[in-house]
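Here's the letter readout for the chains.
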Amino acid sequence: MSLYEQVIQEFARQFSGQPTAVVRAPGRVNLIGEHTDYNDGFVLPMAIDRAAWIALRPRADARVCVYSPYFEQAITFALDDLETYRDGWIEYPRGVAWALTEAGHAITGWDGVLLSDVPVGAGLSSSAAVEMATARAFGVVSGFDWDAPTMAKLGQKVENHWIGVKSGIMDQMISASGRADHALLIDCRSLETQLVPLPAGTVVVVLDTATRRGLVDSAYNERRAQCETAARFFAVPALRDVTLAAFEDRASLLDANTRRRARHVISENERTLRAAEVMRQGDAVLLGQLMNDSHTSLRDDFEVSSDALNTIVDCARREPGCYGARMTGAGFGGCAVALVQAEAAESFASAVSVTYRNSTGLQPNVYVCRATNGAEVIA
Ligand code: GLA
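Residues numbered from 1 in each chain as written. Predicted model: local features only at pLDDT ≥ 70, side-chain atom pairs only at ≥ 80, totals over all residues. Heavy atoms only, no water.

Caption draft 1: Highlighting the overall build of the chain. Counting its secondary structure elements, the chain contains 11 helices and 13 strands. For a compact globule of 379 residues, the expected C-alpha radius of gyration is about 21 Å, and the chain comes in at 21 Å, within 12% of that figure. The principal-axis extent of the C-alpha atoms belonging to the chain is close to 60 × 50 × 40 Å. Across the 379 residues of the chain, 58% fall into the buried class. Expressed as a percentage of contacts within the chain between residues at least 6 apart in sequence, the contacts between residues at least 24 apart total 73%. Total accessible area on the chain stands at roughly 14700 Å², and carbon and sulfur atoms take up 47% of it. A gap of 2 Å separates the mean positions of the 35 positive and 46 negative side-chain charges of the chain. (Helix = DSSP H or I, 4+ residues; strand = E, 2+ residues; numbered from the N terminus. Rg over C-alpha atoms; globule rule 2.2 N^0.38 Å. Buried < 20%, exposed > 50% of the residue type's maximum accessible area, 1.4 Å probe, protein only. Contact = heavy atoms within 4.5 Å. Areas by Shrake-Rupley, 256 points an atom, 1.4 Å probe, with all protein chains shown as cover. Lys, Arg positive; Asp, Glu negative; His and termini not counted. Charge placed at Lys NZ, Arg CZ, Asp CG, Glu CD.)

Caption draft 2: Just the site of the ligand, in detail. Taken together, Arg28, Glu34, His35, Asp37, Tyr38, Ser167, Gly168, Met170, Asp171, Tyr220, Gly329 and Ala330 are the residues near the ligand. Take glycine 168: an N or O atom from its main chain is 2.9 Å from an oxygen atom of the ligand. Tyrosine 220 is positioned such that a nitrogen or oxygen atom in its side chain is 2.6 Å from an oxygen atom of the ligand. If the ligand stood free it would expose 300 Å²; the protein chains cover 93% of that surface. Applying the majority rule of atoms within 2 Å of the grid points places the ligand in the largest pocket. In terms of residue class, the shell around the ligand is made up of 4 nonpolar, 4 polar and 4 charged. (Near = heavy atom within 4 Å. Polar contact = N/O pair within 3.5 Å; in protein donor to acceptor, adjacent residues only side chain to side chain. 1 Å grid on protein atoms, 1.4 Å probe; cavity = no way out; pocket = protein on both sides within 12 Å on 5 of 7 lines; lining within 4 Å. Sits in = over half its atoms within 2 Å of the grid points. Nonpolar A, V, L, I, M, F, W, Y, C, P; charged D, E, K, R; others polar.)

Caption draft 3: Quick look at the packing of aromatic side chains. Summed over all chains, the structure comprises 9 aromatic pairs. Here the aromatic rings of phenylalanine 233 and phenylalanine 234 are separated by 4.9 Å at their centres, their planes lie at 85 degrees, and the arrangement is edge-to-face. In textbook terms, an aromatic cluster arises when at least three aromatic residues are bridged by ring pairs, as seen for Tyr85, Trp98 and Trp162. The cationic tip of lysine 157 hangs over the ring face of tryptophan 98; the distance from NZ or CZ to the ring centre is 5.3 Å. Sitting over the ring of phenylalanine 233, arginine 250 keeps its end group 4.5 Å from the ring centre. (Phe/Tyr/Trp six-rings, centres within 6.5 Å; stacked < 30°, edge-to-face > 60°. Lys NZ or Arg CZ within 6 Å of the ring centre and 35° of its normal.)

Caption draft 4: Quick look at the sheet that holds strand E7 (residues 182–187). Reading across from one edge, E2-E7-E8 is the order of the 3 strands in this open sheet, with antiparallel pairing throughout. Either end of the sheet is taken by a strand with one partner, and the two such strands are strand E2 (42–43) and strand E8 (193–197). Of the strand pairs in this sheet, E7 and E8 are connected by 5 bridges, and their pairing is antiparallel. Across the sheet, residue leucine 184 finds its bridge partner in E8, namely leucine 195. Contacts from helix H5 (residues 170–177) reach E2, E7 and E8, with the element oriented near 135 degrees to E7. (Pairing = 2+ DSSP bridges. Axes fitted to C-alpha atoms, helices over the stretch in contact; angles between N-to-C directions.)

Caption draft 5: Fine view of the environment of threonine 258. Following the sequence through the fold, threonine 258 ends up in helix H8 (residues 256–280). For threonine 258, a relative accessible area of 7% corresponds to the buried category. Those residues in contact with threonine 258 that lie beyond four places of it in its chain are Gln226, Thr229 and Ala230.

Caption draft 6: Region of the structure containing the nonpolar core. Residues Leu44, Trp110, Leu124 and Phe138 are the most contacted members of the largest nonpolar core, which totals 80 residues. Counting only domains with at least three residues in this core, you end up with domain 1 (3–193 + 373–377) and domain 2 (199–369). Residue contacts for phenylalanine 138: discarding those within four places in its chain leaves Val64, Leu79, Pro93, Val96, Ala97, Leu100, Ile107, Thr108, Trp110, Gly143 and Phe144. Residues Ala230, Phe234, Val265 and Ala349 belong to the second largest nonpolar core, which totals 40 residues. (Core = buried A, V, L, I, M, F, W, Y, C linked by side-chain atoms within 4.5 Å. Domains from an automatic or database assignment.)

Here it is, written out as structure tokens:
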């Protein structure tokens, strides 16, 4: 049974009767452009066929009641009591209500069931999916228009100021504005997007290492701070404004750590723009090479990879039909992504599962992802 069917069935069980709307918002996999978003740079993610779904029906009072297996029972919160962060998973939907209210929207209550098949902590943006699905749900019952960049910024505000994670804008932007069969080149400064098709005859394969990121928040915030230090050194608003040539001119004056962090971000921005170009030319070989280079840079210069990620990337690259592979998302565990010849995808997936399990003892989850639309009202 599809999640669409499940969410409707569960709604009938929890609230009796039918929902008046169903919304979905996807997770994402980033093809290239990692740790560049909070440097005002470029990213190239696609929205995937794993998503958060909400079946909902308006309520007469200013309360939201959400049932989800994430918290095993229905949780109700009041829309006139959004002063303080509490705790637990409901704070993602509740944070969206807070941010919408702060932005001046007069939001109204609803009953809803929330189901998601985006794995949590895997680097596929399960929380952005929930945020954008919740924003869509409020849009439906409260009748405001959907503007993807505005809603993405709102979701980022939830992460930054409600949940307390200093993440960039990529995850919410792609969950809000993805397009079927395309990746999206996002300029994280202007929030302009360009659709980029996948090279013909290729598929994107997600390789979940079955490890979950550990101390990711503190390491993430530390990397952010190092990037800001580097931007100050170059006297620019963000590392986006430094070219590789300008970097090389003055790099020797930076301490070794800051130098490597900056080199990753600056070279990754160039790789990402180049990747969009070669995708438009349909060049899978060059795209794969850029993905491989991105992994090396994340592993050695930005130091956000892990043994499991390096191993699964190596396993992937050894298989015929693999153009390239790299870690994806924040790092330290979770998923890698590979570009693979469509006709080799099945044998690729089973071979990598075996070789990775043999070298780590862990059972990975390897699957082809289709690029889907971003947050949408289904019914
Ligand atoms: C996480 C953050 C994003 C981005 C990536 C790394 O997914 O939420 O904003 O910084 O890490 O590219």
